[in-house]
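Coordinate inspection notes
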Amino acid sequence: MAIYPPNKTQKDIDEVYKRAYERTKIIYPKKKTFFSPRLRTLHQISIDKGYLASTLVGIGDFCIDLVAACIAAVKKINRKIFPREDVIHGTKKDSYVTGKITFAKKNDLTTPIHHMQVEFWARTFFGGWRKMSSGHTDEEGVFKLYFDFIEAKKFKYRRSFHFEIHQVEHVFFNQDSGEPRKKVSVFDSFKVKKSDLTGMGYDLGLIQLFYWEYRDDVPIPRVVIKEQNEDAPEYYSEGRNEAAAEQFIPIEIIKDKHLLQIKRNPQSISIESIQDDYPTNLTVAMEREIPGSTRCDYWFGRRMMNGMSCATFLPDEKEKGKYWVKIFGSCDYEVNQEFAFPTVYGQFKIADNGLPLPTKIIVKGQTDAYNKNPFQEKTFTPNDGEKWEQAKRIMRVSSALSSEIDDHFAGTHLNTEQYAIAVRRNVRLNPVAELLLPHLKEVTLINHTADTNLIGPGYIPRASAMTAEGIIERSKDALGTHDWKNWKPMEPISEQHTFAIASNLFWDVVHQFVDYFFDENEEDIKKYWYEIYCMSNDLVNNSVPLFLSEQDSRKWTGEERELNQDRIEYNHLRACFDNTLSRDIINGKKKSISSITKSKNTPAEGDMDNLKDMCKYAIMVATFLHTYVNEHQYEDIGEVLYCSLGLRYGDKEDGIFQPENDYSIAPDLTRATQMMWFSNLLSRTEYGFITRNEEHDIHPYFSKLLLDKKEEFAKLHVNVENIESRTNI
Ligand SMILES: [Fe+2]
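Bear in mind that the values here come from a model prediction, so they are computed numbers and not experimental data. (Residues numbered from 1 in each chain as written. Predicted model: local features only at pLDDT ≥ 70, side-chain atom pairs only at ≥ 80, totals over all residues. Heavy atoms only, no water.)

With respect to the overall build of the protein
Here is the rule: Elements are defined by DSSP. Helices are runs of H or I of four residues or more, strands are runs of E of two residues or more, and each kind is numbered from the N terminus. Computation of the radius of gyration draws on C-alpha atoms alone. For the globule rule, the value is 2.2 Å times the number of residues to the power 0.38. Should any heavy atoms of two residues lie within 4.5 Å, those residues are counted as being in contact. Charge assignment: positive for Lys and Arg, negative for Asp and Glu; neither His nor the chain ends contribute. Where a charge lies is defined by one atom per residue type, namely NZ (Lys), CZ (Arg), CG (Asp) and CD (Glu).
Check the secondary structure of the protein and you find 20 helices and 16 strands. In terms of overall dimensions, the protein is globule-like: its C-alpha atoms have a radius of gyration of 28 Å, near the 27 Å expected for 729 residues. Counting contacts in the protein only where the partners sit at least 6 residues apart, residues at least 24 apart contribute 75% of the total. Of the side-chain charges in the protein, 96 are positive and 108 negative, and the distance between the mean point of each set is 5 Å.

Now the structure itself:
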């Protein structure tokens with residue numbers, strides 16, 4: 001294939017792209033009806049269980065839903081009959097309940113939980129709630145809630161009082177004024193006997209909470225979630241679950257049908273029939289109109305620049321005007337021997353139309369089942385005919401897997417989670433909570449689901465070269481190239497570099513929004529600086545080491561040194577990581593995340609700017625950067641033979657260098673349907689968008705700023721209404 005398919009021009013392909021895009025774009029949810037199939041939470045999804053296939057399970061789920069609906073209705077009625085009015089009963093402050101709250105995990109026992117909202121309630125014999133006192137823990141986690149002793153002893157109150165610890169569940173904004181409103185929920189409560197209130201103070205002693213605890217079993221900052229539906233530190237909003245069900249259930253039914261066919265009658269199913277059963281994606285739709293339109297060099301370069309991988313173009317030091325894109329394959333991570341994951345370097349020139357054209361592809365590493373030398377190299381140019389086509393496919397596939405693990409999972413999901421945990425553990429009274437929580441919520445939940453569905457025993461280790469252990473190690477390393485300090489978006493290298501231009505445009509919007517928010521809230525941000533100090537400490541102390549800094553470089557062979565230095569240089573550029581900054585060394589490990597402040601009570605010079613920059617970065621990662629890679633999966637890995645997460649070695653001498661119609665290297669039938677399930681699931685079930693603001697949890701100024709740029713973004717192939725406000729799929 002040449003630059004374009006025979007007798008076709010760029011105009012033909014651009015036009016077919018526009019038509020195919022319109023036909024295949026994802027339309028986000030309509031309203032679900034009572035009789036629609038249900039999915040209680042996203043965590044119920046499973047790669048190989050037929051969740052919807054079993055009628056019994058379906059009936060059982062319906063019953064559980066019914067019971068849950070009844071309980072919710074009773075609670076709602078209860079709240080209506082017995083409202084909790086925010087009025088303190090009694091006038092004197094002559095008695096108190098006191099205590100101290102700390103985290104509960106073994107290595108966290110001495111860490112106080114500061115500024116936690118605590119309340120003391122009585123109930124009348126008729127069930128009415130009466131607030132006796134409320135307040136917050138101090139910096140040492142100590143609370144002392146004064147109340148009116150005579151009032152508390154009145155006969156109308158029951159024998160048990162309630163001491164409650166509250167946490168902020170959601171933040172909402174008045175859409176006219178931008179005024180925030182926090183929805184708090186009871187995180188834990190304890191009963192206090194009325195008879196124990198003697199007129200002196202009552203000491204509840206040390207209260208240890210399992211509250212947003214860091215996991216010890218992975219080398220990555222993750223929160224402890226044992227059972228997502230019961231003891232998670234946060235829960236999906238109802239709207240999020242409903243939207244997932246709306247889009248996801250039809251896809252689940254297709255996958256279940258395929259798995260059943262493969263089990264009972266494998267002759268009845270093929271890669272083609274699997275592909276046909278799923279919604280038509282962009283590349284399939286384009287191929288139907290112009291065969292070869294997505295396999296030609298033009299499309300290859302265009303997607304490498306502005307597709308899911310949105311590659312980084314490193315100027316070629318020897319050939320002026322040319323660039324290198326480097327996709328690092330299995331390197332020294334644990335892999336299986338079924339799938340290939342070679343390192344691929346692609347050389348590009350920028351054509352007159354501003355888009356990159358591939359000029360050379362170098363495939364490094366194992367590409368067949370026999371020669372396992374990790375440093376073998378094969379070089380291809382457009383003159384190599386069929387082998388050139390195969391090399392492009394190999395680069396697409398390596399790029400997709402690298403993008404999935406390094407950019408999507410580590411770069412956005414895990415990256416966002418580390419900010420979510422640090423904020424949740426520490427920021428409560430500081431307005432930064434209102435700024436960040438809408439953008440950091442739910443990421444811990446989806447990451448927990450990914451542990452089992454995509455990593456662990458999930459899809460990626462089964463359908464690619466990477467083992468679960470390899471993915472965790474690689475993710476930890478990848479996270480070591482991400483830091484908020486001195487970060488800025490990728491620089492465009494031409495007018496057609498739409499990903500980079502759109503990134504910069506969005507970054508400008510985030511700047512305007514965060515600067516505005518800080519101007520409005522500066523006094524309180526400084527007043528509660530202690531929370532920022534603790535957040536910064538948690539963020540830095542729990543961050544992963546600098547990329548590859550734990551390896552003993554003296555032991556590297558010459559080839560390993562060359563590869564690893566390449567990885568460090570390229571990955572730092574890709575993540576815009578400033579390696580010249582001096583970073584904290586904790587327990588002998590150089591931490592990847594920079595400290596925001598070392599000042600405990602008031603910001604030192606530069607600290608407010610640091611905090612602003614951190615907030616901008618966290619919002620950028622959780623919104624635009626995640627949306628981009630997530631939504632383009634459907635376009636770039638939504639056709640099994642065009643691009644998957646792994647090509648099998650097969651049994652031929654030249655391994656993965658085979659044409660697309662050689663199914664011995666393609667994903668097998670099971671992985672093929674799971675592949676389609678995976679890309680559809682992740683791209684189709686997005687919910688929670690900045691401008692649609694479905695839950696009124698987005699500051700109206702942020703939505704407005706973005707909507708004002710709608711036309712500018714549209715010219716860059718970005719629909720602002722599809723940019724998610726948070727990373728939750
Ligand atoms: Fe995602």
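More follows now that the structure is in view.
Structural notes on the sheet that holds strand β8 (residues 314-315)
Definition in use: Between any two strands, pairing holds if DSSP finds at least two bridges.
Taken together, the five strands give an open sheet; going across it, the order is β8-β9-β11-β12-β13, and neighbouring strands pair in antiparallel fashion. The sheet is open, and its two edges are formed by β8 and β13 (377-380), each paired on a single side. Where β8 lies against strand β9 (residues 322-327), two bridges are found, and the strand directions are antiparallel. Across the sheet, Leu-314 pairs through a bridge with Trp-324, a residue of β9.

Some words on helix α14 (residues 529-541)
Selection rule: Expected helix span is computed as 1.5 Å times (number of residues minus one). Exposure classes here rest on a 1.4 Å probe applied to the protein chains alone. A residue is buried below 20% of its type maximum, exposed above 50%, and partly exposed in between.
Compared with an ideal rise of 1.5 Å per residue, which puts 13 residues at 18 Å, α14 spans 18 Å between its outermost C-alpha atoms and is within 8% of the ideal. Among the 13 residues that make up α14, 10 are buried, leaving the element largely enclosed by the rest of the structure. Turning to α14, its buried residues are Trp-529, Tyr-530, Glu-531, Ile-532, Cys-534, Met-535, Ser-536, Asp-538, Leu-539 and Val-540. Buried positions along α14 lie against α8 (386-426), α9 (432-440), α13 (498-527), β14 (585-586) and α16 (607-631).

A short note on the sheet that holds strand β1 (residues 95-103)
Condition: Axes here mean lines fitted to C-alpha atoms, for a helix over just the part in contact, with angles spanning 0 to 180 degrees between N-to-C directions.
Within the open sheet, the three strands sit side by side as β4-β1-β7. Their pairing is mixed. Two strands bound the open sheet, and with one partner strand each, they are β4 (142-147) and β7 (201-209). In this sheet, adjacent strand axes meet at a mean angle of 20° when their direction is disregarded. Bridge count between β1 and β4: six bridges; the pairing is antiparallel. In the sheet register, Ser-95 faces β4, and the bridge partner there is Phe-147.

Describing the coordination of the iron ion
Put simply, the rule is: Each metal site is built from N, O and S donor atoms within 2.8 Å (3.2 Å for Na, K and Ca), and since water is not included, such sites may look incomplete.
Surrounding the iron ion are the protein donor atoms His-408 (NE2), His-413 (NE2), His-626 (NE2), Asn-630 (OD1) and Ile-729 (O), at 2.1 to 2.7 Å. When the donors of the iron ion are listed by position in the chain, the intervening gaps give H-x4-H-x212-H-x3-N-x98-I. Residue His-408 is located in helix α8, and its partner Asn-630 is located in helix α16; the two are separated by 222 residues in the primary sequence.

A closer look at empty space enclosed by the protein
Selection criterion: A cavity here means a set of 1 Å grid points, computed over protein atoms only, where a 1.4 Å probe fits but cannot escape. A pocket is an open set with protein on both sides within 12 Å along at least 5 of 7 lines, and lining residues have an atom within 4 Å of a point. Grid points are joined across faces, edges and corners, and a volume is the space filled by probe spheres set on the points. Under the scheme applied, nonpolar residues are Ala, Val, Leu, Ile, Met, Phe, Trp, Tyr, Cys and Pro; charged residues are Asp, Glu, Lys and Arg; polar residues are all the others, including Gly.
Summed over the entire model, instances satisfying the criterion amount to six cavities of 30 Å³ or more. Empty space within the largest cavity amounts to approximately 170 Å³. Along the wall of the largest cavity there are 16 residues; nearest its centre are His-413, Ala-450, Leu-454, Leu-682 and Ile-729. Secondary structure elements with two or more residues in the lining of the largest cavity: α8, α10 (443-453) and α18 (669-684). Taken together, the residues that form the lining of the largest cavity break down as 11 nonpolar, four polar and one charged. Mapped onto the lining of the second largest cavity, the elements with two or more residues apiece are α7 (297-306) and α8. Among the residues making up the lining of the second largest cavity, the classes are represented as seven nonpolar, three polar and three charged.

Structural notes on the environment of Lys-92
Considering the arrangement of structural elements, one finds Lys-92 in the loop between α2 (55-81) and β1. With 568 residues separating them in the primary sequence, Lys-92 and Glu-660 have C-alpha atoms 81 Å apart. In this view, Lys-92 contacts Phe-147 and Asp-148; residues no more than four positions away in its chain are not counted.

Focus on a nonpolar patch on the surface
Short version of the rule: Note that patches include only residues with greater than 30% relative accessible area and no salt bridge, and the join distances are 9 Å for like charges and 5 Å for nonpolar side chains (Val, Leu, Ile, Met, Phe, Trp, Tyr). Per-residue accessibility takes into account occlusion by the displayed protein chains alone, with areas from the Shrake-Rupley method and a 1.4 Å probe. Salt bridge, as applied in this entry: a Lys or Arg side-chain nitrogen positioned within 4 Å of an Asp or Glu carboxyl oxygen.
A cluster of nonpolar residues, Phe-125, Phe-126 and Phe-155, forms a patch on the protein surface that exposes about 460 Å² of accessible area. Relative to the elements of secondary structure, Phe-155 occurs in the loop between α3 (149-152) and β5 (160-173). Judged by its relative accessible area of 72%, Phe-155 is exposed.

What to know about a negative patch on the surface
Side chains of Asp-332, Glu-559, Glu-560 and Glu-562 sit close together on the surface and give a patch of like negative charge. Secondary-structure assignment places Glu-562 in helix α15 (residues 558-574).

Focus: the pairing of strand β11 (residues 343-350)
Among the eight residues of β11, six are classified as buried, and the element is accordingly described as predominantly covered. Two strands pair when backbone bridges link them, and β9 and β11 are joined in this way by six bridges, in the antiparallel orientation. Bridge pairing in β11 places Val-325 opposite Gly-346. Examined bridge by bridge, β11 and strand β12 (residues 356-364) share eight bridges and lie antiparallel to one another. Of the residues in β12, the one forming a bridge with Gly-346 is Ile-361. The hairpin formed by β11 and β12 contains five residues between the paired strands, and Gly-354 there has a positive phi angle of roughly 85°.

Overview of a positive patch on the surface
On the surface, a cluster of positive charge is made up of Lys-75, Lys-76, Arg-79 and Lys-80. Relative to the elements of secondary structure, Lys-76 occurs in helix α2. On the accessibility criterion, Lys-76 (52% relative accessible area) is exposed.

Thoughts on the layout of surface pockets
In this structure, the second largest pocket encloses a volume near 980 Å³. Along the wall of the second largest pocket there are 49 residues; nearest its centre are Thr-312, Met-490, Leu-573, Arg-574 and Ala-575. Elements with a contribution of two residues or more to the lining of the second largest pocket: β9, α8, α12 (468-479), α13, α15 and α16. Here the lining of the second largest pocket gets eight residues from one element, more than from any other, and that element is α8. Its residues assigned to classes, the lining of the second largest pocket comprises 27 nonpolar, 13 polar and nine charged.

Some remarks on the packing of aromatic side chains
To keep things clear, this is the line we draw: In this scheme Phe, Tyr and Trp rings, the latter by its six-membered ring, pair at centre separations within 6.5 Å, and the angle between planes marks the pair as stacked below 30 degrees, edge-to-face above 60, and tilted otherwise. Lysine NZ or arginine CZ positioned within 6 Å of the ring centre and within 35 degrees of the ring normal marks a charge as sitting over the ring.
Counted by the stated rule, this structure contains 32 aromatic pairs. On the numbers, 6.1 Å between centres and 10° between planes, the contact of Phe-300 with Phe-348 is stacked. Note that Phe-300 is positioned in helix α7 and Phe-348 in strand β11, a separation of 48 residues in sequence. With relative accessibility at 0%, the residue Phe-348 sits in the buried group. Both rings, one in Tyr-530 and one in Tyr-533, keep their centres 6.2 Å apart while their planes meet at 35°; by these two values the pair is tilted. Remark: Tyr-533 and Tyr-530 occur in helix α14; sequence separation between them is three residues, near one turn of the helix. Linked through ring pairs, Phe-499, Phe-506, Phe-513, Phe-517, Phe-624, Tyr-628 and Phe-702 together constitute an aromatic cluster. One residue, Lys-226, lies across the ring of Phe-210, its end atom 5.4 Å from the ring centre. The side chain of Arg-302 reaches across the aromatic face of Tyr-17, ending 4.7 Å from its centre.

Things to note about the pattern of salt bridges
Summed over all chains, the structure comprises 58 salt bridges. We note a salt bridge from Lys-612 to Asp-515, for which the minimum N-O separation is 3.9 Å. Of this pair, Lys-612 sits in helix α16 while Asp-515 sits in helix α13, placing them 97 residues apart in sequence. Take Lys-612: its relative accessible area is 18%, and that puts it in the buried class.

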